[in-house]
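Understanding the architecture of this molecule
The residues making up each chain are set out below.
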Amino acid sequence: MTKTLRVAVIGAGRMGADHIQRLNTRISGADVAAVVDVDLARARAAVDGIPDAVALADAEEALNNGDVDAVLIATPGFLHKELLLAAIARDIPILCEKPLTPDVESSWQVVQAEEKLGRKRIQVGFMRRFDAEYLALAAMIRNGELGDLLMLHHQHRNPTTPPGFTNEMLINDSVVHEFDAVRFFTGEEITSVQVRLGKPTKNAPAGQHDPQHVLIETESGVLADVEIYVNARFGYEVATQAAFEEGTVSIGGDHGPYVRAGGRWGGNVTPGFEERFAKAYDAEIQSWVDAALRGEIGGPSAWDGYATAACCAAGVEAQKNGEKVPVRLHARPALYA
Ligand code: ISE
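Let me sum up the structure you'll find in this document. (Residues numbered from 1 in each chain as written. Predicted model: local features only at pLDDT ≥ 70, side-chain atom pairs only at ≥ 80, totals over all residues. Heavy atoms only, no water.)

**A short note on the sheet that holds strand β15 (residues 325-326)**
Rule in force here: In short, DSSP must find at least two bridges between two strands for them to pair. In DSSP terms, a helix is any run of H or I states spanning at least four residues, a strand is any run of E spanning at least two, and both are numbered starting from the N terminus. Contacts: residue pairs with any heavy atoms within 4.5 Å of one another. Between N-to-C directions, angles span 0 to 180 degrees; the directions come from axes that are lines fitted to C-alpha atoms, helices contributing only their stretch in contact.
The strand order across the open sheet formed by 7 strands is β12-β11-β7-β10-β9-β8-β15, and the pairing between neighbours is mixed. In this open sheet, the two edge strands, each paired with only one partner strand, are β12 (247-251) and β15. Inspection of the sheet shows strand β8 (residues 190-197) paired to β15 by 2 bridges, in the antiparallel sense. Paired with S192 across the strands is P326, a residue of β15. Relative to strand β7 (residues 149-157), helix α7 (residues 169-186) is tilted by about 150 degrees, and along the sheet it contacts β7, β8, β9 (212-218), β10 (223-229) and β12.

Laid out in structure tokens, this is it:
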């Protein structure tokens, strides 16, 4: 008989609710066993219609529930560290939404706790690694068909930001994806980050300088730049152009349906990340479930979470001083070789 992973989802907000639906309807080999939210009414609404799933207000209670054998953490980042340490102590599979933790010191503590456990239990929710075009570009880089990769140009545009989205969050919450993407594409660590603040939009809330231009360098000297623009109004856009010795490759462009009607031609702009990366999220969670049932992880590790947290720390420093700030990393433990 094939085992089914009984998952506790912690956090029933925007991303948690999306993952609960996905686990309940599209993912095979897993069921939602519990939903935890400080807002119990929200947890109850999330389990409505899911057979045998309980709604709880306390994560500890879910982790101690004998019916739970894996955890998906989708709370705000400041709660991740304690939840991760509690789940590692129970030696259960963990899918943790990005960022691993909001600062580099706590991310390193999580890596050390997992290293002590002696096996990888944490998969970090960098879903772009499961996007079909990201995978196609990564394969072209690996097989060298266009020669060496030289530069990456990223555009990351959001329609608007939720209340409380600080200037630092442009780096910690948004550009963290590009830090992971650059590491994923190149297979190298990032060595420095610089942030340039140019002409801002008047549509940004007070305290946010938007857009920003982030310059990234990797171990072999690949240069990447990111336009992070989080109050772009028109919709959601994540795109990359890669420059190789023998050509260029663009991903994340608009897709069909392409409509000609009513005297106009074109298509629809993606409204947000849930729609833009819906298939990638499905593939990510399926890969996590399949791997968890084998006792493994099926995607980016706690080391990837830690390394990107180190890039974010450099990025936030660079936001403030305008300098090219080195990324400081501890030596990579053998567990993540
Ligand atoms: C959000 O938290 C995400 O993870 C989205 O993918 C990203 O595009 C957005 O900028 C973040 O705020």
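**Notes on the site of the ligand**
Basically, it comes down to this: Residues are labelled near a given molecule or strand when at least one of their non-hydrogen atoms is within 4 Å of it. N or O atoms closer than or at 3.5 Å make up a polar contact, with two conditions inside protein: a donor-capable atom paired with an acceptor-capable one, and, for residues adjacent in sequence, both atoms drawn from side chains. In short, Shrake-Rupley with a 1.4 Å probe defines the accessible areas, and a residue's cover is counted only from the protein chains shown. Cavities and pockets are defined on a 1 Å grid built over the protein atoms alone: a cavity is a set of grid points where a 1.4 Å probe fits but cannot escape, while a pocket is an open set with protein on both sides within 12 Å along at least five of seven lines, and lining residues are those with an atom within 4 Å of any such point. In this scheme, a molecule is assigned to a cavity or pocket if more than half of its atoms are within 2 Å of the grid points. All residues other than Ala, Val, Leu, Ile, Met, Phe, Trp, Tyr, Cys, Pro, Asp, Glu, Lys and Arg, Gly among them, are scored as polar; the first ten of these are nonpolar and the last four charged.
Taken together, the residues surrounding the ligand are K98, M127, H156, N158, F165, D173, S174, H177, Y236 and F273. Within the contact set of the ligand, an oxygen atom lies 2.8 Å away from a side-chain nitrogen or oxygen of H177. Y236 places a polar side-chain atom, nitrogen or oxygen, 2.5 Å from an oxygen atom of the ligand. Relative to its free-state accessible area of 300 Å², the ligand is covered by the protein chains to the extent of 89%. The site holding the ligand turns out to be the largest pocket. When residues of the shell around the ligand are assigned to their parent elements, the largest contribution, 3 residues, is made by α7. Of the residues that constitute the shell around the ligand, the class distribution is 4 nonpolar, 4 polar and 2 charged.

**Side note on a nonpolar patch on the surface**
As a reminder of what qualifies: Exposure above 30% relative accessible area and the lack of any salt bridge qualify a residue for a patch; like charges then connect within 9 Å, and the nonpolar side chains Val, Leu, Ile, Met, Phe, Trp and Tyr within 5 Å. Salt bridges, as used here, are contacts in which a Lys or Arg side-chain nitrogen is within 4 Å of a carboxyl oxygen on Asp or Glu. Relative accessible area decides the class of each residue, using a 1.4 Å probe on protein chains only: under 20% of the type maximum gives buried, over 50% gives exposed, and in between gives partly exposed.
A cluster of nonpolar residues, L150, M151 and L223, forms a patch on the protein surface that exposes about 230 Å² of accessible area. Within the secondary structure, M151 sits in strand β7. What makes M151 partly exposed here is its relative accessible area of 34%.

**So, the packing of aromatic side chains**
For any pair of aromatic rings, geometry is given as the distance between the ring centres together with the angle between the planes. Here is the rule: Only rings of Phe, Tyr and Trp enter the pairing, Trp through its six-membered ring, and a pair is recorded when the two centres are within 6.5 Å. The plane angle decides the type: under 30 degrees is stacked, over 60 is edge-to-face, the rest tilted.
One pass over the full model with this rule turns up 8 aromatic pairs. A ring pair is formed by Y236 and F277, whose centres lie 6.4 Å apart and whose planes are at 90 degrees; its orientation type is edge-to-face. Highlighted residues: Y236 in the loop between β10 and β11 (237-244) and F277 in the loop between α8 (273-276) and α9 (278-293), separated in sequence by 41 residues. A relative accessible area of 6% means that Y236 is categorised as buried. Note on Y258 and W265: the rings are 6.1 Å apart at their centroids and 20 degrees apart in plane angle, and the pair reads as stacked.

**A closer look at unusual backbone geometry**
Note that the residue after K98, namely P99, is joined by a cis bond; omega there is -5 degrees. If you trace the backbone, P99 turns up in the loop between β5 (94-97) and α5 (104-117). In this structure, the amide linkage connecting G256 to the following residue, P257, adopts the cis form with an omega of 0 degrees. Summarising the element assignment, P257 is placed in the loop between β12 and β13 (259-261). The backbone phi angle of D91 is positive, close to 55 degrees, even though this residue is not glycine.

**Focus on helix α10 (residues 302-321)**
Just so we agree on the cut-off: Each helix should span, by expectation, one fewer than its residue count multiplied by 1.5 Å.
Taking 1.5 Å of rise per residue, 20 residues should cover 28 Å, and α10 covers 29 Å from first to last C-alpha, within 8% of that figure. Burial within α10 is extensive, with 16 of its 20 residues counted as buried. Where α10 begins, the capping side chain belongs to S301, and its oxygen is found 3.2 Å from the backbone nitrogen of W303. Downstream of α10 by one or two residues, G322 has phi in the positive range, about 70 degrees.

**Re the pattern of salt bridges**
All told, the structure shown has 26 salt bridges when counted by the stated rule. For R128, the salt bridge goes to E178, with nearest N and O atoms at 2.9 Å. One end of the pair, R128, is in the loop between β6 (122-125) and α6 (132-143); the other, E178, is in helix α7, and 50 residues separate them in sequence. Accessibility classification places R128 together with E178 in one group, the buried group. Taken together, the shared-partner salt bridges in this structure form one network comprising R129, D180, R183, E189, D304 and R332.

**Structural notes on the sheet that holds β5**
Consider a sheet: its strands pair through backbone hydrogen bonds, and that pairing is either parallel or antiparallel. Spatially, β3-β2-β1-β4-β5-β6 is the arrangement adopted by the 6 strands of the open sheet, whose pairing is parallel. The two strands at the open ends of the sheet, each matched to only one other strand, are β3 (54-56) and β6. Along the sheet, successive strands turn relative to each other by an average axial angle of 25 degrees, direction set aside. Taken together, the 3 bridges between strand β2 (residues 30-36) and β3 define a ladder with parallel strand orientation. Within the sheet, the bridge partner assigned to A34 lies in β3 and is V54.

**A word on the layout of surface pockets**
Keep this limit in mind: Grid points are joined across faces, edges and corners, and a volume is the space filled by probe spheres set on the points. Throughout, the edges of the domains are those of an automatic or database domain assignment.
The computed volume of the largest pocket comes to approximately 1,200 Å³. As for the largest pocket, its lining consists of 47 residues, of which M15, A74, T75, P76 and D173 are closest to the centre. For the lining of the largest pocket, the elements supplying multiple residues, two or more each, are α1 (14-25), α4 (80-89) and α7. Among the elements that take part in the lining of the largest pocket, α7 stands out by supplying 5 residues, more than any other. Considered class by class, the residues forming the lining of the largest pocket number 24 nonpolar, 16 polar and 7 charged. Each of domain 1 (5-127 + 279-300) and domain 2 (129-271 + 308-336) contributes no fewer than three residues to the lining of the largest pocket. Volume-wise, the second largest pocket comes out at about 650 Å³. If you trace the second largest pocket, you find 23 residues lining it, with G253, D254, H255, T270 and R276 closest to the centre. At the level of secondary structure, the elements contributing two or more residues to the lining of the second largest pocket comprise α6, β11, α8 and α9. Here the lining of the second largest pocket gets 3 residues from one element, more than from any other, and that element is α9. Grouping the constituent residues of the lining of the second largest pocket by class yields 9 nonpolar, 7 polar and 7 charged.

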